[in-house]
Amino acid sequence: MNKKLSLQNIIIAIIVSWLVLFVFMPNLMIIGTSFLTRDDANLIEMTFTFNNYIRLFDPLYAKVMWHSFYMAITATALCLLIGYPFAYAIAKMPEKWRPFMLFLVIVPFWTNSLIRTYGLKIMLGTRGILNNTLLYLDIIDKPLRIMYTEYAVMIGLVYILLPFMVLPLYSAIEKLDNTYIEAARDLGASKFQTFIKVIFPLTMPGIIAGCLLVLLPALGMFYVSDLLGGAKNLLIGNVIKSQVLNARDWPFGSATSIALTASMAIMLYAYYRAGKLLNRKVELE
């Protein structure tokens, strides 16, 4: 018994040490750097200031943040519209086919998302596979200009993040109690009414989880914007990258990163509160 407790304590100590060393300390350093001043010679000057956070309200950076949230929210909505019917179809398939379909959903994770983004460049280019196919089928007369537009960035975000929406939705739909659906039909509800009043509310935890899993990464996927969108379609991640690597302004890059982290924390708290309210509502019913 004592040996077992000793082994558990060692494992816990290793995990805590890992989290402190590689999670807590780096974040603490970023927080500290965000309150310092940029120095051309030494990167950072030990002068305390709030200017880095004040700069976030500059119209230029505020516009980038607004555009980033707009792109992330739109990508999340598209993933939900595509992913919900797909997840529902998988959940209602014969049980022997479900593992194979889930395997197909997970397969893209086997390839790095950066490599898949480069693959999208080949697909969406002026002389890419998509345009060549449409021209061959006489659907269009001249190649469509998709690359380096907002649409290309949106396609890239949806393509990469769609599995993150499908998996939690499938989990929620698969656990759905069919007796509620049968009761709604017995009471005369149409398929649409059953979906709106029964299925959709009961799968809301999966919807919220999927939306968060898509929305949060979408805000920082700078390489998608770099490769597919060009200079006019920046995300918050692009600002952080350019400030740290190009402008060498580590304090402002750190402040932007902290602002992004704080936004994510607020969304996660909103998810937690929404989950508690939904559970309370179910208990009351």
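Our subject is the structure that appears above.
Residues numbered from 1 in each chain as written. Predicted model: local features only at pLDDT ≥ 70, side-chain atom pairs only at ≥ 80, totals over all residues. Heavy atoms only, no water.

Draft legend 1. Here's a closer look at the side chain of Ser34. Mapped onto the elements, Ser34 comes out in helix α1 (residues 2-34). Look past the residues within four positions of Ser34 in its chain and what remains in contact with it is Thr49, Asn52, Tyr53, Pro251, Ser254, Ala255 and Ile258. (Helix = DSSP H or I, 4+ residues; strand = E, 2+ residues; numbered from the N terminus. Contact = heavy atoms within 4.5 Å.)

Draft legend 2. A look at helix α12 (residues 236-246). Of all the residues in α12, the buried ones are Ile236, Gly237, Asn238, Val239, Ile240 and Gln243. Looking one or two residues beyond α12, the residue adopting positive phi is Arg248, at roughly 60°. (Buried < 20%, exposed > 50% of the residue type's maximum accessible area, 1.4 Å probe, protein only.)

Draft legend 3. Local environment of the pattern of salt bridges. Tallied over the entire structure, the rule returns 3 salt bridges. Of the charged contacts in the structure, one is a salt bridge between Lys241 and Asp226, with a shortest N-O distance of 2.7 Å. In this pair, Lys241 is assigned in helix α12 and Asp226 in helix α11 (residues 222-229), connecting sequence segments 15 residues apart. (Salt bridge = Lys/Arg side-chain N within 4 Å of Asp/Glu carboxyl O.)

Draft legend 4. Summary view of the environment of Lys232. Mapped onto the secondary structure, Lys232 falls in the loop between α11 and α12. In the structure, Lys232 is positioned 221 residues away from Ile11 in sequence and 48 Å away in space, judged by C-alpha atoms.

Draft legend 5. Quick peek at the packing of helix α7 (residues 150-174) against α11. The interhelical angle for the contact between α7 and α11, taken along N-to-C directions, is 140°, at an axis separation of 8 Å. On the basis of their axis angle, the class for α7 and α11 is oblique. Taken as a pair, α7 and α11 cross one another with a handedness that is right-handed. For the pair α7 and α11, contact is made by Ala152, Val153, Gly156, Leu157 and Ile160 and by Tyr223, Val224, Ser225, Leu228 and Gly229, respectively. Residues that form the contact of α7 with α11 fall into these classes: 7 nonpolar, 3 polar and no charged. (Axes fitted to C-alpha atoms, helices over the stretch in contact; angles between N-to-C directions. Parallel < 35°, antiparallel > 145°, perpendicular 65-115°, else oblique. Left-handed = near helix turned anticlockwise from the far one by under 90°. Nonpolar A, V, L, I, M, F, W, Y, C, P; charged D, E, K, R; others polar.)

Draft legend 6. Region of the structure containing the environment of Leu134. Structurally, the position occupied by Leu134 is in helix α6 (residues 129-136). With 46 residues separating them in the primary sequence, Leu134 and Tyr88 have C-alpha atoms 31 Å apart.

Draft legend 7. The side chain of Thr203, seen in detail. Its location among the elements puts Thr203 in the loop between α9 (191-202) and α10 (204-218). Residue Thr203 is classed as buried on the basis of its relative accessible area, which comes to 0%. A distance of 3.2 Å separates the side chain of Thr203 from the backbone oxygen of Phe200, its partner in a polar contact. Filtering out sequence-adjacent residues up to four positions away, Thr203 remains in contact with Tyr84, Ala172, Ile173 and Leu176. (Polar contact = N/O pair within 3.5 Å; in protein donor to acceptor, adjacent residues only side chain to side chain.)

Draft legend 8. Expanded view of a nonpolar patch on the surface. A cluster of nonpolar side chains, Leu7, Ile11, Ile15, Trp18, Leu19, Leu21, Phe22 and Val23, forms an exposed patch at the surface whose accessible area comes to about 810 Å². Topologically, Phe22 is positioned in helix α1. (Patch = residues over 30% accessible without salt bridge, like charges linked within 9 Å, V, L, I, M, F, W, Y side chains within 5 Å. Areas by Shrake-Rupley, 256 points an atom, 1.4 Å probe, with all protein chains shown as cover.)

Draft legend 9. Structural view of the packing of aromatic side chains. Enumeration over the complete set of coordinates arrives at 12 aromatic pairs. Residues Tyr84 and Phe200 carry aromatic rings whose centres are separated by 6.3 Å and whose planes lie at 35° to one another, so their mutual orientation is tilted. With Tyr84 in helix α3 (residues 59-91) and Phe200 in helix α9, this residue pair connects regions lying 116 residues apart in the sequence. By relative accessible area, which is 28% here, Phe200 ends up partly exposed. Aromatic side chains Phe103 and Trp110 sit 5.5 Å apart centroid to centroid with 75° between the ring planes, which places their arrangement in the edge-to-face category. The class for Phe103 is partly exposed, based on a relative accessible area of 37%. Look at Trp110 and you get exposed, because its relative accessible area is 63%. By way of ring pairs, the aromatic residues Phe35, Phe48, Phe50 and Tyr53 are connected into one cluster. The lysine or arginine in question, Arg55, covers the ring of Phe252, its NZ or CZ lying 3.9 Å from the ring centre. (Phe/Tyr/Trp six-rings, centres within 6.5 Å; stacked < 30°, edge-to-face > 60°. Lys NZ or Arg CZ within 6 Å of the ring centre and 35° of its normal.)

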